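Next come the chains, spelled out residue by residue.
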Amino acid sequence: MTRTIAPRVRTLVLLFVAVAGALLATAAPASAHAALTGSDPQQGAVVDRAPARVSLTFSESVSMDDDALRVLDPKGERVEDGAPTNVGGTTYGVALHSGLPDGTYTVTYQVVSADSHPVSGAFTFSIGAPSETSVPATAQGAGGGIVGRLYGLGRYVSYAGFAVLVGGAAFVLACWPRGSGVRSVQRLVVSGWLALTAATLAMLLLRGSYTGSGKAADIVDLELLGQVLQTKTGAALVSRLLLLAAAALFVAVLFGAHDRREDQEKRDLTFGLAVGGTVVAAGLAATWAMAEHASVGLQPGIAMPVDVVHLLAVAAWFGGLATLLVALYKAPADNPVDTTAVRRFSQVAFGSVVALVITGTYQSWRQLGSWSALTDTRYGQLLLAKIALVAVLVGIAYLSRRWTARLAGTAGDVPRPREEERSGAAGTTTAGKTAAPASTTASPTTSAKASTGTAAEKTSGTASGPTSGPTSAADSDPTSTADSSPMSTTASSGASAKASGRASDTASSDASAPAADGASAPASAARRTGGVKPVGNAKRAAQLARQRAAVDAARQKRLRDGDPHRFGLRRSVLAEAGVAVVLLAVTTVLTQTEPGRTEQEAAAATSSAGSADASATGAVTLDMPFDTGGEDGKGVVRVEVGPARVGANDVHVYVEDPEGRAVDIPEVKLAFTLGSKDIGPLPVAPDHITTGHWSASEVQLPMAGDWEVAATVRTSDIDQVTVSKNAQIG
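Residues numbered from 1 in each chain as written. Predicted model: local features only at pLDDT ≥ 70, side-chain atom pairs only at ≥ 80, totals over all residues. Heavy atoms only, no water.

Draft legend 1. Expanded view of the sheet that holds strand β14 (residues 679-684). One open sheet holds the four strands; their spatial order is β14-β13-β17-β18, and the pairing between them is antiparallel. Two strands lie at the open edges of the sheet, namely β14 and β18 (720-729), each paired on one side alone. Going across the sheet, the axis of each strand differs from the next one's by a mean of 20 degrees, ignoring polarity. Summarising the sheet, strand β13 (residues 667-674) and β14 pair through four bridges and their orientation is antiparallel. Its bridge partner lying in β14, F672 is registered against L682. (Pairing = 2+ DSSP bridges. Helix = DSSP H or I, 4+ residues; strand = E, 2+ residues; numbered from the N terminus. Axes fitted to C-alpha atoms, helices over the stretch in contact; angles between N-to-C directions.)

Draft legend 2. View of the packing of aromatic side chains. One pass over the full model with this rule turns up 10 aromatic pairs. Taking 5.8 Å as the distance between ring centres and 75 degrees as the angle between the ring planes, the aromatic pair formed by F58 and Y109 counts as edge-to-face. Taken together, the residues F58 in strand β3 (residues 53-58) and Y109 in strand β8 (residues 103-113) connect sequence positions 51 residues apart. The interplanar angle of 65 degrees and the centroid separation of 5.6 Å between the aromatic rings of F171 and F345 together place this pair among those described as edge-to-face. (Phe/Tyr/Trp six-rings, centres within 6.5 Å; stacked < 30°, edge-to-face > 60°.)

Draft legend 3. Fine view of the environment of K634. Positionally, K634 belongs in strand β11 (residues 634-642). Of the residues examined, K634 reaches a relative accessible area of 53% and is grouped as exposed. Along the primary structure K634 and E656 are separated by 22 residues, whereas in three dimensions their C-alpha atoms are 8.9 Å apart. (Buried < 20%, exposed > 50% of the residue type's maximum accessible area, 1.4 Å probe, protein only.)

Draft legend 4. The confidence of the model for the chain, seen in detail. The predicted model of the chain averages 75 in pLDDT, with 72% of residues at 70 or higher. Within the chain, no element has a lower average pLDDT than helix α15 (residues 486-491), which sits at 32, and none a higher one than helix α5 (residues 232-254), at 94. For the stretch residues 1-6, pLDDT sits under 50, and the model shows six contacts to residues farther than four places along the chain or on other chains. Within the model, pLDDT remains below 50 along residues 20-32, and this stretch shows 31 contacts once partners closer than five positions in the same chain are excluded. (pLDDT = per-residue confidence, 0-100. Contact = heavy atoms within 4.5 Å.)

This is how it looks when you write it as structure tokens:
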């Protein structure tokens, strides 16, 4: 790796590592396609009698094991009777023990949605009246922790490996068939296969812990692995491993037999590899489509094939881009990537962009459902970021096309076929093993120099004496004597040095003729032995021929790298690859995020259920933002009064921080005032139930009217504020 190449490649590798590290550091528990849309009893409800069962309704079907749904009494003891069952549709329930005492009960759930993401949550309800409970109403965070981060990293590496494997192979077959013999391209495609295989195996092992306990020790639990293999996601991962075995055979043929075939046989094999490779690539893409977002929701029969096309287009573009970048920087001087290959890839990339626009538009409509979801949901915001990155990538690709057009306008960028190089090398070897005059056929360049040197010696006659030989040998290029014999070193080097400068490469052409001034001792000895050269001389000639070839290749590479058009193309392709690395990371996060359509539908269902319950009972809910002015002094206090009628009412108070998380504060008090009747304020001191939740029962409101409900919130010893709103009672 040259000094100019290494910094750029290191920059791209460091960018990949930085993005992977960001995924590890910032990865949150995966947001699922399924969302809880209702429950019976409802969250925070107070029921008169103990229910026979607790049921949960999700936005789509889910899978659950025996411990997926738990109900805990105020002491933390489990009170469910049997395993959870599907009550009907997307509603799941678990029976409870009979004769449960009054108090606050906590419901926790941890299930796996149909699109493979873990879903977890918790809520409380009360029997008779709320009570203190030792159980925090918080979920255990499915998909989080170190296991969740590793699983997210595995998803990113698997996407990257798939793109490099499929896109690299497609680039060789469709754009640059001679690239199958380039070692750096071979290493890139094989690295993609290894990355995808390793990531798939890791995800298969992590899957059980990822959707369950989240403990690292469960990664090697064989019983848990057996359960994973029986799920849809487990079957998809195993299918991917089987297809990767076929992909390994494909790669072996592509970089083995395909590279050694010539002309018609190579074209026939290319067609077969293209057909077989397309089938394997489509199968690999289907392992994602059949187990993730495309497999559930609206029109799965259309969405899954569309998702396969989308993944193949991404791989053809990103993987081909990575292969082009490696070829531009690492291809050998005798087989550089030419403008024809770059122009072909430009056409492939354009087709990929068209396919991405069409399939991406359909997927966006399917996952969002409305324009508001673009800005109001996390999925929509990530999608906007992805669209912006794609626009940047297309803009850089346009610059690459311009550099390609300029490069195509330069002459002499098509290298000599490798077959000619092989034949030239064979000629050099033959020359070293035969008589000295034949050594002048090592290469076309050497032959030209040889003819020049011979003519110069004939012109110079015998002007050079014996003393000129050492001077010529010292001044000549060490690599220019590759084909010289012992005779040529002493008999003609002096004559050729002053006559033609560096033309001593071909002094062997004069070695076969008698020297004008008389042969030297080694020459006479050679003639007496019949012109037989020592065996070591042939090895030396072959070694120097290889050195000359390396020097010539380095010179050609310097000339090629000095082309400003090729340099500009390299920089633009490197910029494309950098943006693609970030774009792939955003796509990975997007696949783990709850679609905007589902998020809005779940919110609407929850709102409708709350409205229906309020209509039936006459309950009112008041949200009052507060700011005590101290540290962590901002938030929202929510007061729920039910049934909001004259007489006894139940009051629940919830406190949340600005991000919507339940938080505890030192004190919260209420006061009810009916100013029109000069009643109040009636103080209420609710009891603390759980994190961010207070409750008071049997709150007497003696008359109907427009009551003022004031909440006094204290966030520290000295920071306190009172906020109020009016509520219609009766």
